[in-house]
Amino acid sequence: MALADLAAVVECRADERTTLRHHLLIDEVLRQDRAPLPRKYGKWRVLRDEYGRTLIELPKPIKVHGVRSRTLLLDTWRKSLVLPRDAGERIVAEQQLQAVPIPPAFNRDEWHRRLQQRTPSNGNGLTAEQRLVLDRRGSGLLSIGCDYMHRQRPDWVSEQAFSGSAPAERERAALALLPRLMSCEGTIEDRNWLATVLIHRRWEPLAWRHDEDGLGTEWWDLPHPVDIGGLSVQRLYRRDRNFHVILAQDSAARIANRLGAAQTGVRNGNAEYSIDQPQRQAADGWLEQKRLMLADIGNGLTEQGCYFREALPELGDPVFGGAGGGRM
């Protein structure tokens, strides 16, 4: 999985979750002198050359655009695979890369191509740009990597929304909002207000115990149980800008039947149900759509949440995909 993720990242095929997993793994590799890597990852050796470049020797070679290599170059934010010099001309031609004007003082050549503008499952615009770099210092080092750039709307509200409100008032409003938000009766502005209370105002946060798993999901323990559709919850989760809860008192199938949600897919052998609401275009030009999502996650637990999809029309079809397409 780790090397497959790396190949996808370098070839500009990775989605946001894959780039996150890869970033976290490389961070672990760089810290392995303090915390050894799990054995399942194999041996990753961190090296530095005479020019101060950080290189990582992979457990085994991977293939990128038909070329095998087992050396990774860390160049600021970009992770690039080191290639044989004679592979450059073929890759430039096959990938239709264009030369980038670089001042001679930089002692390097670059070729690039913007490969895709697409809307991943959570609706964020994502641009992937392939870059081939020849560092001419010494014997020269040819490497290929991908720059990922995101186009997102802010998921917070302005300070004016909080002027004059005390923390206790914000807590009451947040708790009262949860049932509406979890049933998709709330708006994207409601979601952003809750995110601002919990995420973007950490200097004056609500007194809810917070934790996260390091893989993109975080959660808060609520100060007291909240009724969601007749079922009691005590914890709120957030993943990819959207909130959900986990219900323990009833099955996803029965909840879906009460709400009129149709089964839309199966994940890990468990059913998923959803209700899509009509798409609308907001005043700023972004397309919005809400999906009420129910998922049987095993052990008698059900995940329920309202997932907001946001997309620019020019970035592709904003309508939710097929089975499982609403998971974000």
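Everything numeric in this text was worked out from a predicted model, so none of it was measured.

1. Some remarks on the overall build of the chain
- Looking only at helices and strands, the chain features six helices and 17 strands.
- Taken across its 328 residues, the chain has 48% of its residues classed as buried.
- Considering only contacts within the chain whose residues lie at least 6 apart along the sequence, 51% involve residues at least 24 apart.
- Only carbon and sulfur atoms are counted for the fraction: they give 50% of the accessible area of the chain, which is about 16600 Å².

2. Some thoughts on the packing of aromatic side chains
- For the structure on display, the rule yields two aromatic pairs.
- Ring geometry for tryptophan 219 against tyrosine 237: centres 6.2 Å apart, planes inclined by 50°, an arrangement best described as tilted. Of this pair, tryptophan 219 sits in strand S10 (residues 217-228) while tyrosine 237 sits in strand S11 (residues 231-239), and the two are 18 residues apart along the sequence.
- On the accessibility criterion, tyrosine 237 (15% relative accessible area) is buried.
- With 6.3 Å between their ring centres and 50° between their planes, tryptophan 220 and phenylalanine 243 make a pair best called tilted. Of this pair, tryptophan 220 sits in strand S10 while phenylalanine 243 sits in strand S12 (residues 242-247), placing them 23 residues apart in sequence. The residues tryptophan 220 and phenylalanine 243 share a single accessibility class, namely buried.

3. Details of the state of the cysteines
- Following the criterion strictly, the structure yields two disulfides and no others.
- With a sulfur-sulfur separation of 2.0 Å, cysteine 12 is cross-linked through a disulfide to cysteine 146. Because the torsion about its S-S bond is 115°, the bridge between cysteine 12 and cysteine 146 counts as right-handed. Of this pair, cysteine 12 sits in the loop between helix H1 (2-10) and helix H2 (16-30) while cysteine 146 is found in strand S8 (residues 141-151), placing the two residues 134 residues apart along the sequence.

4. Examining the pattern of salt bridges
- The final tally for this structure, using the stated rule, is 25 salt bridges.
- Glutamate 310 is the partner of arginine 191 in a salt bridge, and the nearest nitrogen-oxygen pair spans 3.2 Å. Taken together, the residues arginine 191 in helix H5 (residues 188-200) and glutamate 310 in strand S17 (residues 301-311) connect sequence positions 119 residues apart.
- According to the relative accessible area criterion, arginine 191 is buried, its value standing at 1%.
- Overall, the relative accessible area of 3% leaves glutamate 310 in the buried class.
- The partner of arginine 291 in a salt bridge is aspartate 276, and the shortest N-O contact between them spans 2.5 Å. Taken together, the residues span a long stretch of sequence, with arginine 291 in strand S16 (residues 287-298) and aspartate 276 in strand S14 (residues 270-276) at a distance of 15 residues.
- What makes aspartate 276 partly exposed here is its relative accessible area of 38%.
- A single network of salt bridges, built from pairs that share partners, joins Arg108, Glu110, Arg114, Glu129, Arg131 and Asp147.

5. Concerning the nonpolar core
- Ranked by size, the top nonpolar core spans 37 residues in total, and within it Leu178, Leu194, Leu198, Trp208, Leu222, Leu236 and Phe243 carry the most contacts.
- Ranked by residues supplied to this core, first place goes to H5 with seven residues.
- Non-local contacts of leucine 236, meaning those with residues more than four positions away in its chain, are made with Leu178, Met182, Leu194, Leu198, Glu218, Trp219, Trp220, Leu222, Phe243, His244 and Val245.
- Counting 27 residues, the second largest nonpolar core, distinct from the first, contains Leu6, Val29, Ala87 and Leu134.

6. A few points about the side chain of aspartate 190
- The residue aspartate 190 is located in helix H5 in this model.
- For aspartate 190, a relative accessible area of 18% puts it in the buried group.
- Setting aside residues up to four positions removed in sequence, aspartate 190 forms contacts with Leu177, Arg180 and Leu181.

Parameters at a glance
Residues numbered from 1 in each chain as written. Predicted model: local features only at pLDDT ≥ 70, side-chain atom pairs only at ≥ 80, totals over all residues. Heavy atoms only, no water. Helix = DSSP H or I, 4+ residues; strand = E, 2+ residues; numbered from the N terminus. Buried < 20%, exposed > 50% of the residue type's maximum accessible area, 1.4 Å probe, protein only. Contact = heavy atoms within 4.5 Å. Areas by Shrake-Rupley, 256 points an atom, 1.4 Å probe, with all protein chains shown as cover. Phe/Tyr/Trp six-rings, centres within 6.5 Å; stacked < 30°, edge-to-face > 60°. Disulfide = S-S within 2.5 Å. Salt bridge = Lys/Arg side-chain N within 4 Å of Asp/Glu carboxyl O. Core = buried A, V, L, I, M, F, W, Y, C linked by side-chain atoms within 4.5 Å.

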